[in-house]
Amino acid sequence: MSLDIRANQSLKPYNTFGIDVRAAFFVSVHSDGELEQALAWAAARNLRVLVIGGGSNLLLTTDLSELLVVRMDNRGVRVLEENGDQVLLEAEAGEPWHPFVLQTLELGLAGLENLSLIPGTVGAAPMQNIGAYGVEIKDVFAGLTALDRDTLQVRDFSVADCAFGYRDSVFKRQPGRWVILRVRFKLSRSAPVHLDYGPVRQRLAEQGIQHPTPKDVSAAICSIRREKLPDPAELGNAGSFFKNPVVTAPVLDAIRREHPDAVAYPQADGLFKLAAGWLIERAGWKGYRDGDAGVHRLQSLVLVNYGGASGQELYALAQRIQDDIQSRFGVTLEMEPNLY
Ligand code: FAD
Ligand code: NAP
C-alpha cells in the first residue's frame, strides 16, 4: 500500500500542548511494513525522522524542516499466553493507552489500573517508564520489540535491557535510535490493588468501597485526575512539566529548616523525592500567566497553553521557573517532556 505522506503539515492536532509548528513531511503508519517504507522514503531524501505517538509528552519549539514526522498508528491487542492467573498480553505501539488499560480491566486483568487516564500510546509508555499513583509500567512489563534505526534490525528487550528508572529508560537516553513496535505486559487475574497514595484511598473510602477491585481503583483514579488535571482537549498541556527532584538528606534538611512543611518521600536508596509541585507552588507560580503561557491554577507542575503560546514561550517560562527554584531552594528541576 502506498503511504499518505503529507508535506508542510501543521502539528497542532498532533501535540497536546496544541503548538502550531509545521513538519516538512508527515505520515501515519499502520504496520511494520509501512514504518520501513517511511524510513526508506526519508533516507532516500536525506531527511531526519521523528517518531511520535499521541504527542502528549512533547514540547515543539520550532518548525521541523528537513524532517519526516512518523506517527505510530499500528493497532492490535492479543493474549500470548495464559498460565493459571497470569496472562501475557501484547499490544501494538499505536494503541491508545487509556482504552488499552480499560480493555485489560474488561478482560478481568489487574496491573494497569493505577495508570488509568494517562494520555498517549502503548509504544511511548516505556520511553519514560510512565508512572502514577505508585505504579510504573516496569512493574507489569514483560518485554518489547523495537526496530534499531541504526541497523534496521528488529530486537526484543527484556525488562533489564530497558534499564528503567524514574521517568526514564534506555530509549529516552538514546533519543531517536529505537522505534518501539509492540509491548508485552504480564497481568494477573488475582493481583492485589495498590493503594499507597492517600487521595486514592480517600476517594474509595468516600464511595464506601472497602474491598476495591482493579476497576474500582481505575474509576477512582479517573475521577481524581478529571478534577485535578486539565483536559488537553480544552487546555493545551503535556502533564507534569518537571520531574520530582531526588535529593540527599542534608539538602532536604536545609530546605526544611526554612520550610518545615516541605513535602518529600524517602526512597529505597536513602535519598528523598521532593514534590516539585510543592516547590513551584511555594515559590508563588501556581496560576501564573504570561501571555498565553501559564502554570495551571490547580496543579502547579503543569504548564498550560491558553491558545496561542509558542513552544519557545513555554520553554522560556519553564526556564524562569527552574532558575527561581534553583535560587530559592538550591534544587535543580529537570524538564520531563521531550524537546524538539
Ligand atoms: P509522544 O508525546 O508522542 O512521544 C513522547 C516521546 O516518545 C518522544 O520522544 C517520541 O519521539 C517518543 N516515541 C513515541 N512513540 C514512540 C515509539 N513507538 N517508539 C519510539 N519512540 C517513541 N506521564 C506519566 O508518566 N504519568 C502520568 O500520570 C502522566 N499523566 C499525564 C497527564 C496529562 C494530562 C498529559 C497531557 C500527559 C501525561 N503524562 C503522564 C505524559 C504522557 O502522557 C506520557 O509520557 C505518554 O506515555 C506519552 O505518550 P505519547 O504517545 O503521547 O508520546
Ligand atoms: P499528588 O498525589 O498530589 O502527590 C504529589 C507528589 O508527591 C507526586 O508527585 C508523587 O510523586 C508524590 N507522592 C504522593 N504520595 C506519595 C506516596 N505515597 N509515595 C511516594 N510519593 C508520593 O500528585 P499529583 O500531581 O496529583 O499526581 C498523581 C499521580 O499521577 C502521581 O503519581 C504523578 O506522578 C502522576 N501524574 C503524572 C503526570 C506526568 O505527566 N508525569 C501528570 C499527572 C499526574 P510521583 O509523581 O513520583 O508519583
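Predicted model, so just to flag it, every value in this text is computed and none were measured.

Asker: Kindly report on the site of ligand 2, identifying the contributing residues and their values.
Answerer: Contacts to ligand 2 come from 17 residues, most closely from Arg-167, Tyr-197, Lys-228, Lys-273 and Gln-299. One nitrogen or oxygen atom from the side chain of Lys-228 is found 2.6 Å from an oxygen atom belonging to ligand 2. Here ligand 2, which alone exposes 800 Å², has 80% of that area covered by the protein. When contributions to the shell around ligand 2 are tallied by element, the ones reaching two or more residues are strand 8 (131-132), helix 6 (214-228) and strand 13 (236-240). Residues of the shell around ligand 2, tallied by class, amount to six nonpolar, five polar and six charged.

Asker: Got a sec to walk through the UniProt feature "active site" (unreviewed entry) in the chain? Specific residues and values, please.
Answerer: The feature "active site" (unreviewed entry), as annotated in UniProt, sits at Arg-167, Ser-240 and Glu-336 in this numbering. For the residues just named, distributed over 170 residues, the greatest C-alpha separation is only 11.1 Å, placing them together at one site. Examined against the element boundaries, Ser-240 turns out to sit in strand 13. Take Glu-336: it is sitting in the loop between helix 9 (311-329) and strand 20 (338-339). Once residues lying within four places of it in the same chain are set aside, the contact partners of Glu-336 are Asn-57, Gln-128, Arg-167, Lys-172, Ser-240, Phe-241, Phe-242 and Lys-243. A polar side-chain atom of Glu-336 sits 3.1 Å from a polar atom in the side chain of Gln-128.

Asker: Describe the packing of aromatic side chains, naming the residues involved and giving the relevant values.
Answerer: The tally for this structure, following the rule as stated, stands at 13 aromatic pairs. Here the aromatic rings of Phe-141 and Phe-164 are separated by 5.0 Å at their centres, their planes lie at 80°, and the arrangement is edge-to-face. You can see Phe-141 sitting in strand 10 (residues 141-148) and its partner Phe-164 sitting in the loop between helix 3 (159-162) and helix 4 (170-173), a full 23 residues away along the chain. Residue Phe-141 shares its accessibility class with Phe-164, and that shared class is buried.

Asker: Describe the sheet that holds strand 15 (residues 264-266), with residues and values.
Answerer: Pairing between the strands of a sheet comes from backbone hydrogen bonds, and it takes one of two forms, parallel or antiparallel. One open sheet holds the three strands; their spatial order is 14-16-15, and the pairing between them is antiparallel. Edge positions in the sheet fall to strand 14 (246-247) and strand 15, since each has one partner strand and no second. Bridging between strand 15 and strand 16 (residues 272-274) involves three bridges; their strand directions are antiparallel. Bridging across to strand 16, Tyr-265 finds its partner in Lys-273. Across the face of the sheet, helix 7 (residues 249-258) comes into contact with strand 14, strand 15 and strand 16 while running at roughly 45° to strand 16.

Asker: Before we move on, can you summarise the domain arrangement of the chain with the specific residues and values?
Answerer: When the parts of a complex come together, some accessible area is lost, and that lost area is often taken as the interface size. Along its sequence, the chain is organised into domain 1 (6-72), domain 2 (77-188) and domain 3 (236-339). Centre-to-centre separation of domain 1 and domain 2, based on C-alpha positions: 22 Å. Taken together, the contact pairs 10 residues of domain 1 with 13 residues of domain 2. Taking both partners together, domain 1 and domain 2 bury about 910 Å²; carbon and sulfur atoms supply 63% of that area. In terms of surface lost to domain 2, no three residues of domain 1 exceed Asp-32, Leu-39 and Met-72, which account for 43% of the buried area on that side. Connecting domain 1 to domain 2 are one salt bridge. Here Arg-182 makes a salt bridge to Asp-32, at a shortest N to O gap of 2.7 Å. Inspection of the domain 1/domain 2 interface yields two residue pairs in polar contact (both at pLDDT 80 or more). If you list the elements that add at least two residues to the side of domain 1 that touches domain 2, you get helix 1 (32-44) and strand 3 (48-52). At three residues, the largest contribution of residues to the side of domain 1 that touches domain 2 is made by helix 1.

What counts as what
Residues numbered from 1 in each chain as written. Chains lettered and ligands numbered in written order. Predicted model: local features only at pLDDT ≥ 70, side-chain atom pairs only at ≥ 80, totals over all residues. Heavy atoms only, no water. Near = heavy atom within 4 Å. Polar contact = N/O pair within 3.5 Å; in protein donor to acceptor, adjacent residues only side chain to side chain. Areas by Shrake-Rupley, 256 points an atom, 1.4 Å probe, with all protein chains shown as cover. Helix = DSSP H or I, 4+ residues; strand = E, 2+ residues; numbered from the N terminus. Nonpolar A, V, L, I, M, F, W, Y, C, P; charged D, E, K, R; others polar. UniProt positions renumbered as here; feature names shortened; annotations may be inferred. Contact = heavy atoms within 4.5 Å. Phe/Tyr/Trp six-rings, centres within 6.5 Å; stacked < 30°, edge-to-face > 60°. Buried < 20%, exposed > 50% of the residue type's maximum accessible area, 1.4 Å probe, protein only. Pairing = 2+ DSSP bridges. Axes fitted to C-alpha atoms, helices over the stretch in contact; angles between N-to-C directions. Domains from an automatic or database assignment. Buried area = accessible area lost by both parts, 1.4 Å probe. Salt bridge = Lys/Arg side-chain N within 4 Å of Asp/Glu carboxyl O.

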